[in-house]
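Structure at a glance
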Amino acid sequence: MVFPRVFPALAAAALTFLAGMPARVGARTNVIRPPVSGGYKGAIVLDAATGQVLFEDHADNVSPPASMTKLMTFAVLDDRLRAGGLTLQTPVRITPADARIGGSQVYLDSRETFPVEELIYAMIVQSANDAAHALAHAAAGSVEAFVELMNAKARDLGMTRTTFRSPHGLPPASRRLADGDLTTPRDFFLLSRYLLLKTNILNYTSVRSRSFGSPPRAKAFQMVNHDHLLGAVEGVDGLKTGYTNGAGFCLAATAQRGSHRVIVVTMDGDTSDKRDLKVRELIEHGFASLPPDSPPFVGYAAATAPAGIAPTLSISPAPLPRAATSGRPLSGSSSMEIVVPGGGR
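The rules behind the values
- Residues numbered from 1 in each chain as written.
- Predicted model: local features only at pLDDT ≥ 70, side-chain atom pairs only at ≥ 80, totals over all residues.
- Heavy atoms only, no water.
- Phe/Tyr/Trp six-rings, centres within 6.5 Å; stacked < 30°, edge-to-face > 60°.
- Helix = DSSP H or I, 4+ residues; strand = E, 2+ residues; numbered from the N terminus.
- Buried < 20%, exposed > 50% of the residue type's maximum accessible area, 1.4 Å probe, protein only.
- Lys NZ or Arg CZ within 6 Å of the ring centre and 35° of its normal.
- Core = buried A, V, L, I, M, F, W, Y, C linked by side-chain atoms within 4.5 Å.
- Contact = heavy atoms within 4.5 Å.
- Pairing = 2+ DSSP bridges.
- Axes fitted to C-alpha atoms, helices over the stretch in contact; angles between N-to-C directions.
- Salt bridge = Lys/Arg side-chain N within 4 Å of Asp/Glu carboxyl O.
- Polar contact = N/O pair within 3.5 Å; in protein donor to acceptor, adjacent residues only side chain to side chain.

In the structure shown here, the tally under the stated rule is five aromatic pairs. Ring geometry for Phe 74 and Tyr 204: centres 5.5 Å apart, planes at 65°, overall edge-to-face. Highlighted residues: Phe 74 in helix 2 (residues 70-83) and Tyr 204 in helix 8 (residues 202-205), separated in sequence by 130 residues. As far as burial versus exposure is concerned, Phe 74 and Tyr 204 are alike and both buried. Seen from their ring centres, Tyr 121 and Tyr 204 are 4.7 Å apart, and the 55° between their planes marks the pair as tilted. In this pair, Tyr 121 is assigned in helix 4 (residues 116-125) and Tyr 204 in helix 8, connecting sequence segments 83 residues apart. Across this residue pair, the class does not change: Tyr 121 and Tyr 204 are buried. Ring pairing ties together the aromatic residues Phe 74, Tyr 121 and Tyr 204, which thus form one cluster. A cation over an aromatic ring shows up here: Arg 210 above the ring of Tyr 121, its NZ or CZ 3.7 Å from the ring centre.

A word on the nonpolar core. Of all hydrophobic cores here, the largest spans 66 residues; its most connected members are Met 72, Leu 119, Ile 120, Met 159, Phe 188, Leu 191 and Ile 201. Excluding residues that lie within four positions of it along the chain, Phe 188 makes contacts with Pro 65, Met 68, Thr 69, Leu 71, Met 159, Phe 164, Thr 183, Ala 252 and Val 265. Tyr 40, Val 233, Ile 283 and Leu 290 belong to the second largest nonpolar core, which has 19 residues in total.

Time to look at unusual backbone geometry. Cis geometry marks the peptide bond from Ser 214 to Pro 215, where omega comes out at -10°. Look at the link from Pro 215 to Pro 216: it is a cis peptide, with omega at 10°. Looking at the secondary structure, you find Pro 216 in the loop between strand 5 (209-212) and strand 6 (221-224). At Tyr 107, a residue that is not glycine, the phi angle is positive and equals roughly 55°. Looking at where Tyr 107 falls in the secondary structure, it is placed in the loop between helix 3 (96-100) and strand 4 (113-115). One non-glycine residue, Asp 268, lies in positive phi territory at about 60°. Mapped onto the fold, Asp 268 is located in strand 9 (residues 260-269). Relative accessible area serves as the criterion here: at 18%, Asp 268 is assigned to the buried category.

Here we take up the sheet that holds strand 7 (residues 236-244). Here we have five strands laid out as an open sheet, ordered 2-1-9-8-7, and antiparallel in their pairing. Both edges of this open sheet fall to strand 2 (53-57) and strand 7, since each of them pairs with a single strand only. Shown here is a sheet whose adjacent strand axes are inclined to one another by a mean of 5°, direction ignored. Relative to strand 2, strand 1 (residues 42-47) runs antiparallel, the two sharing four bridges. By the bridge assignment for strand 2, Ala 43 is matched with Asp 57. Running at roughly 35° to strand 8 (residues 248-257), helix 9 (residues 272-289) makes contact with strand 1, strand 2, strand 7, strand 8 and strand 9 of the sheet.

All right, on to the pattern of salt bridges then. For the structure on display, the rule yields 17 salt bridges. Across the pair Asp 60 and Arg 186 runs a salt bridge whose closest N-O atoms are separated by 2.8 Å. With Asp 60 in the loop between strand 2 and helix 2 and Arg 186 in helix 7 (residues 185-198), this residue pair connects regions lying 126 residues apart in the sequence. The partly exposed category is assigned to Asp 60, whose relative accessible area is 31%.

This part takes up the environment of Ser 294. Structurally, Ser 294 is set in the segment after helix 9. The spacing of Ser 294 and Ala 48 is 246 residues in sequence and 9.9 Å in space, taken between C-alpha atoms. Not counting residues within four places of it along the chain, the set of residues in contact with Ser 294 comprises Asp 47 and His 260. Within the structure, the side chain of Ser 294 is placed 2.5 Å from the side chain of Asp 47, a separation counted as a polar contact.

Now the structure itself:
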C-alpha cells in the first residue's frame, strides 16, 4: 500500500498552503477597516495638520448645516475684531428683531445690552440664534450685510458648494431647503480647519456650561453645550452641533490626542444618538488611520484660563488649503441637546 507514504507529503503540502493564507477572521492585523456607512447622509474625516482625507462618504452632498452655520458667523466676527470694527467689550443693544428669533436661544430682550464676548459665548455654548442675530447686525450694520461677509469668507476658503443666507442656520420662512443655508461636509472641513489654525475657537467650543446674563439680569441663564462628546470622548474640544427638521442632525467635531488632531464632519443624521455614536467611531478611525509620518498639529491652543483671559498663541506653520487671513484672535476662557420643533440648535 502507498497511503502511508502519501499522507506525510500531503500534510506537509497542506501546512505550506496554510502558512501562506491570511490570518483567521478575528485575528489582530494591521489592516484598518473603513467605518460602516450609515447614520448620516454625508461625512468626512481628515488630519487637521495636513488636510489629508482619512475617510469620506458622500462628502460633497449638499444639505443645510443648521446651527453649524454659527462657525462661519464666528469666523467673520473674528475678522471684524482684527480689523478694529468692534471689540470684545463693545456693547450690543438688543433689537426687537433679535428678541423674536426662535429655536435655541438665551431669550434676549430689546431692553437689554450685552458685550460682544458674552453674546459669542451664548452663540457657541447655548447655540443661541438670538445672540447670532444680534452679533451680525452689530458687526456689519445689518444682518444682510453680515451674510454677504459670510459668503465672501466662504469663497476665500474655497467653499465652492456653500451658500449662507443667515447668521444662525434657522430654516427660511418658505421652509424650502434651497432658500436656506447650504454646504457640504468637505466644505465645512475647510472652515473647521481654518478656525483651528487661525482663531481661538476652542476657547468657546470647549466650554461645557456657563452662566449668561447676570448682570444685568437678576437671575443668570445657565447655558449647557449641546455637544454630548465634550468630556465623553478623549480629546474632543469642539466644534459645533446643528439640527433642524430639514437639516437632520449635524456635527463638526475635532479631537486632539498627543500632538495629533483630527476633524470629523457629519451631516443629515437620523437622530442625535446615532450621530454621536457615528462621530465617536469616525474619530477613532481617524486617529487609527493617521500615517506614521503625519506632522504634529500646531494651532491656537484651547484656553485653560478663566473667562476673559487670552490664551497662549501658537504660530502655525501648517498651510491652509485655501487663502486665509491672519491677525489677532478672539480672546476668551468649559450636554444636553434641546429639541425645538422646526428650530435650530
